[in-house]
Amino acid sequence: MPCNKKIISLKNVSMNYHTLSKETFALNNISFDVHDKEFVTILGPSGCGKSTILSLISGMIKPSKGNIYINSKHIDLCNSTVAYMLQRDNLLEWRTIKQNVLLGLEIKKNLCKESMQYALNLLKTYGLEDFIDYYPSQLSGGMRQKVALIRTLAINPQVLLLDEPFSALDYQTRISISEEIKEIIHKEKKTSILVSHDIAEAICLSDRVIILSKRPSKVKKIINIKFKLNNLTSIQKRKEPGFQKYFDEIWQEMNDSE
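Notes on the structure in this doc start here. (Residues numbered from 1 in each chain as written. Predicted model: local features only at pLDDT ≥ 70, side-chain atom pairs only at ≥ 80, totals over all residues. Heavy atoms only, no water.)

1. Description of the packing of aromatic side chains
Condition: Under the pairing criterion, centres of Phe, Tyr and Trp rings, with the six-membered ring standing for Trp, must be within 6.5 Å; the plane angle then separates stacked pairs below 30 degrees from edge-to-face pairs above 60, leaving the rest tilted. Starting at the N terminus, helices and strands are each numbered in turn, a helix being any DSSP run of H or I of at least four residues and a strand any DSSP run of E of at least two. Think of it in three bands: with a 1.4 Å probe and only protein chains considered, a residue is buried below 20% of the maximum accessible area for its type, exposed above 50%, and partly exposed in between.
Overall, the coordinates contain 4 aromatic pairs when judged by the stated rule. Ring centres 5.1 Å apart and planes at 70° place the aromatic pair Phe131 and Tyr134 in the edge-to-face group. For the pair Phe227 and Tyr246, a centre-to-centre distance of 5.9 Å together with 75° between the ring planes defines the contact as edge-to-face. Highlighted residues: Phe227 in the loop between β10 (219-224) and α8 (234-238) and Tyr246 in helix α9 (residues 241-255), separated in sequence by 19 residues. Looking at Phe227, the relative accessible area reads 8%, which means it is buried.

The following block contains the structure:
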């Protein structure tokens, strides 16, 4: 369960992109916190800067204005406590599943007996042990995404940034694999931020939903997601009366003109 300890804080963050011909205002004075072990989803219209926020938190780019803190420390460069999972699994087709999972450790020059064992234990714990000598082309789309998550977890980050990792999957697989990945993240006690366009997905996976306005984006509303019963599956949540209430509230916020 999330606690009150702040892991990520954005304070009055703005982001402008410059080209030779114009300046694009992407983010306008964005502020929010994410707490330890919390799962937060960012929703908003296309092009509003959702993925930009993830890039800022990861340290890949710097804000035009404002500050970002992880564990109360100001970030300037890429942060080793943060890991990024993208829309595509980006598995290397010529490497086995085991070799793909160990890739991040190799890049970070942290491939030792202990870190390798941790990665292999993740594969075993989450049902991929029998596939370690397979190649990505031999796996389904859902299984590939699980491998991509295990590869991300293998470097043992504190924070996971998830940029629409289920968008390429068919609807049934998307529900199933998102449920599995949420369970893995919960068991591994990670703090997570998901970018999504799917309102139902956000409700089913999140502790809170942050809704952004159109560009230049600001935070329109933050909605706490709470169901009467704990440990409901995504399918069970969709059948709860509260699900429709949250859906209607988020839909209204996202479609209100400003």
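Don't stop here, the text continues.
2. Let's talk about the sheet that holds strand β4 (residues 65-70)
To keep things clear, this is the line we draw: Only strands joined by at least two bridges in the DSSP assignment are considered to pair. Contact definition: two residues touch when any of their heavy atoms are within 4.5 Å. Helix axes use the C-alpha atoms of the stretch in contact, all axes being lines fitted to C-alpha atoms, and the angles between their N-to-C directions lie in the range 0 to 180 degrees.
The strand order β2-β1-β4-β5 describes an open sheet built from 4 strands, whose pairing is antiparallel. Here the strands that pair on one side only, and so sit at the sheet edges, are β2 (23-35) and β5 (73-74). Strand direction decides the pairing type here: β4 and β5, joined by 2 bridges, are antiparallel. Looking at β5, one finds that Tyr69 is bridged to His74. Packed on one face of the sheet, helix α1 (residues 50-58) meets β1 (6-18), β2 and β4 and runs near 115° to β1.

3. Considerations on the nonpolar core
Stated precisely, the cut-off is as follows: Residue types Ala, Val, Leu, Ile, Met, Phe, Trp, Tyr and Cys, when buried and joined through side-chain atoms within 4.5 Å, form a set referred to as a nonpolar core.
Core analysis: the biggest nonpolar cluster contains 30 residues, and Val101 and Ile150 have the highest contact counts within it. Looking at this core, the elements with two or more residues in it are β6 (82-85), α2 (97-101), α4 (113-125), α5 (141-153), β7 (159-163) and α6 (171-187). At 5 residues, α5 tops the list of elements feeding residues into this core. Core analysis: the second largest hydrophobic core is formed by 27 residues, Ile53, Ile68, Val82 and Val195 among them.

4. What to know about the pairing of β10
Looking along a regular strand, one sees side chains alternate from face to face of the sheet. Two elements, strand β9 (residues 208-212) and β10, share 5 bridges in a ladder whose sense is antiparallel. Among the inter-strand pairings, Ile211 is bridged to a residue of β10, identified as Lys221. Between β9 and β10, which pair antiparallel and follow one another directly, the connecting turn spans 6 residues.

5. A closer look at the sheet that holds β9
Strand order in the open sheet formed by 6 strands is β6-β7-β8-β3-β9-β10, with mixed pairing between adjacent strands. Each of the sheet's edge strands pairs with one partner strand only, and the pair in question is β6 and β10. Neighbour-to-neighbour, the strand axes of the sheet open up by a mean angle of 15°, direction not taken into account. As defined by bridge partners, strand β3 (residues 39-43) adjoins strand β8 (residues 191-195) across 4 bridges and the pair is classed as parallel. By the bridge assignment, Phe39 is partnered in β8 with Ser192. Packed onto the sheet, α9 meets β3, β9 and β10 and runs at close to 175° relative to β10.

Geometry only, nothing functional implied.
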